[in-house]
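Report on the structure
Spelled out, the chains give:
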2 protein chains.
Amino acid sequence: MSKKSAPAAAALAALADPTRRQLFERLRSGPRAVGELARGVTVSRPAVSQHLAVLKAAGLVRDTATGTRRVYEIDPKGLAAIRAWLDDMWGGALQNFAADLDKDPAGKEN
Amino acid sequence: MSKKSAPAAAALAALADPTRRQLFERLRSGPRAVGELARGVTVSRPAVSQHLAVLKAAGLVRDTATGTRRVYEIDPKGLAAIRAWLDDMWGGALQNFAADLDKDPAGKEN
DNA sequence: ACCAACGGTCAGCTGTGGCTTACAGTAAGC
DNA sequence: GCTTACTGTAAGCCACAGCTGACCGTTGGT
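Residues numbered from 1 in each chain as written. Chains lettered and ligands numbered in written order. Predicted model: local features only at pLDDT ≥ 70, side-chain atom pairs only at ≥ 80, totals over all residues. Heavy atoms only, no water.

So, on to the sheet that holds strand β2 (residues 61–66) of chain A. Residue and element names in this part refer to chain A. Reading across the sheet, the 3 strands line up as β1-β3-β2 and stay open at both edges, with antiparallel pairing between neighbours. Each of the sheet's edge strands pairs with one partner strand only, and the pair in question is β1 (32–33) and β2. Both β2 and strand β3 (residues 69–74) contribute to a ladder of 6 bridges, which runs antiparallel. If you follow Ala65 over to β3, its bridge partner there is Arg70. (Pairing = 2+ DSSP bridges. Helix = DSSP H or I, 4+ residues; strand = E, 2+ residues; numbered from the N terminus.)

Here you go:
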């Protein structure tokens, strides 16, 4: 249960791209078809397809075929992976700060 | 309270790189000097310096000069930015699922 | 004062990620 | 059955991220 970093890696890499984040954030308001998603972005439709494929591989979105339309929605798996990794990091960071405050109670360096 | 995405973008992009994540994770166990960090990685020392600069710009780490040594430690600012963005995403995802379950009470799709 | 160590910066190369255009496939409507 | 709409895939191009080797400034030791 210590190797949750693997899926988190893909999710982080996927969300590093601005266009991908934009698509992902737009899915917050509900499932959307590819064409509809492509209409709100500056890049072409194929580019959107590729981005969605990356997001899907990272477990961040999930697709459902409906006729010729392909509807994408958020998959919590990827988000959960990031959250788990983040919580793990928080533990280390806090531990680090505990030692820091112990040595330097002022703590004004920034 | 809606534009916390900006700092999160830099933090996500910074943590997308595997080497950078490795360095960051190593800092979990406490502050380390550049040379020490470089010794545990396969890349050269200049590369480590550049990676640390990126992490610092993203608010993920903080440096302290001590003699000729430069000690890096985790800065919670970047982590907090990601967490805020993530929480924002969770809201949308859960809302999405509520509607999903409303339409499909079975909820076995995965 | 000299020397050694540590680390940031520069110049340049290379691999790869993201974009586009063109094409192929499938489902719906008439 | 034919046409139209919607999407994924292939090939290719270009820009940028990441790496290296060399250099420079600074600090500490003797």
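Let's shift gears to the protein's contact with DNA strand D. Residues in close proximity to DNA strand D total 22 residues, the closest being A:Gly35, A:Ser49, A:Tyr72, B:Ser44 and B:His51. Sugar and phosphate atoms constitute 78% of the interface atoms of DNA strand D, taking the interface as everything within 4 Å of the protein. For DNA strand D, a sugar or linking oxygen lies 3.1 Å from a polar atom in the side chain of A:Thr68. A distance of 3.3 Å separates a phosphate oxygen of DNA strand D from a polar atom in the side chain of B:Thr19. Looking at the surface near DNA strand D, the elements that each hand over two or more residues are α3 (34–39), α4 (45–57) and β3 of chain A together with α2 (18–26) and α4 (45–57) of chain B. Tallied by class, the residues present in the surface near DNA strand D amount to 7 nonpolar, 10 polar and 5 charged. (Near = heavy atom within 4 Å. Polar contact = N/O pair within 3.5 Å; in protein donor to acceptor, adjacent residues only side chain to side chain. Nonpolar A, V, L, I, M, F, W, Y, C, P; charged D, E, K, R; others polar.)

Formed by 54 residues in total, the largest nonpolar core has its most connected members in A:Leu15, A:Phe24, A:Leu60, B:Leu15, B:Phe24, B:Leu60 and B:Leu79. Ignoring anything within four residues of it in the chain, the contact list for A:Leu60 reads A:Ala11, A:Ala14, A:Leu15, A:Phe24, A:Leu55, A:Glu73, A:Ile74, A:Asp75, A:Gly78 and A:Leu79. (Core = buried A, V, L, I, M, F, W, Y, C linked by side-chain atoms within 4.5 Å. Buried < 20%, exposed > 50% of the residue type's maximum accessible area, 1.4 Å probe, protein only. Contact = heavy atoms within 4.5 Å.)

Let us look at the packing of helix α2 (residues 18–26) of chain A against α4(A). All names here are of chain A. The interhelical angle for the contact between α2 and α4, taken along N-to-C directions, is 80°, at an axis separation of 10 Å. What the angle tells us is that α2 and α4 run roughly perpendicular. Only Val48, His51, Val54 and Leu55 of α4 make contact with α2, whose side of the interface consists of Thr19, Arg20 and Leu23. Classifying every residue of the contact of α2 with α4 by side-chain character gives 4 nonpolar, 2 polar and 1 charged. (Axes fitted to C-alpha atoms, helices over the stretch in contact; angles between N-to-C directions. Parallel < 35°, antiparallel > 145°, perpendicular 65-115°, else oblique.)

Residues and elements named next belong to chain B. Pairing within the open sheet is antiparallel, and its 3 strands lie in the order β1-β3-β2. On the outer flanks of this sheet lie β1 (32–33) and β2 (61–66), each paired with one strand and no other. Note: β1 against strand β3 (residues 69–74), 2 bridges, orientation antiparallel. Counterpart to Arg32 in the pairing with β3 is Tyr72.

Once that is clear, we can look at the environment of B:Arg45. Residue and element names in this part refer to chain B. With respect to the helices and strands, the residue Arg45 is situated in helix α4. Residue Arg45 is classed as exposed on the basis of its relative accessible area of 52%. Linking Arg45 and Val34, residues 11 residues apart in sequence, is a C-alpha distance of 7.7 Å. When sequence neighbours within four positions are dropped, the list of residues in contact with Arg45 reads Val34, Gly35 and Ala38.

Neighbouring DNA strand C are 20 residues, the closest being A:Ser44, A:His51, B:Gly35, B:Ser49 and B:Arg70. A:Arg20 has a polar side-chain atom sitting 3.0 Å from a phosphate oxygen of DNA strand C. One of the backbone N or O atoms of B:Gly35 is found 2.8 Å from a phosphate oxygen in DNA strand C. Counting residues per element, the ones that place at least two in the surface near DNA strand C are α2 and α4 of chain A together with α3 (34–39), α4 and β3 of chain B. Among the elements that take part in the surface near DNA strand C, α4(A) stands out by supplying 4 residues, more than any other. Partitioning the surface near DNA strand C into residue classes produces 7 nonpolar, 10 polar and 3 charged.

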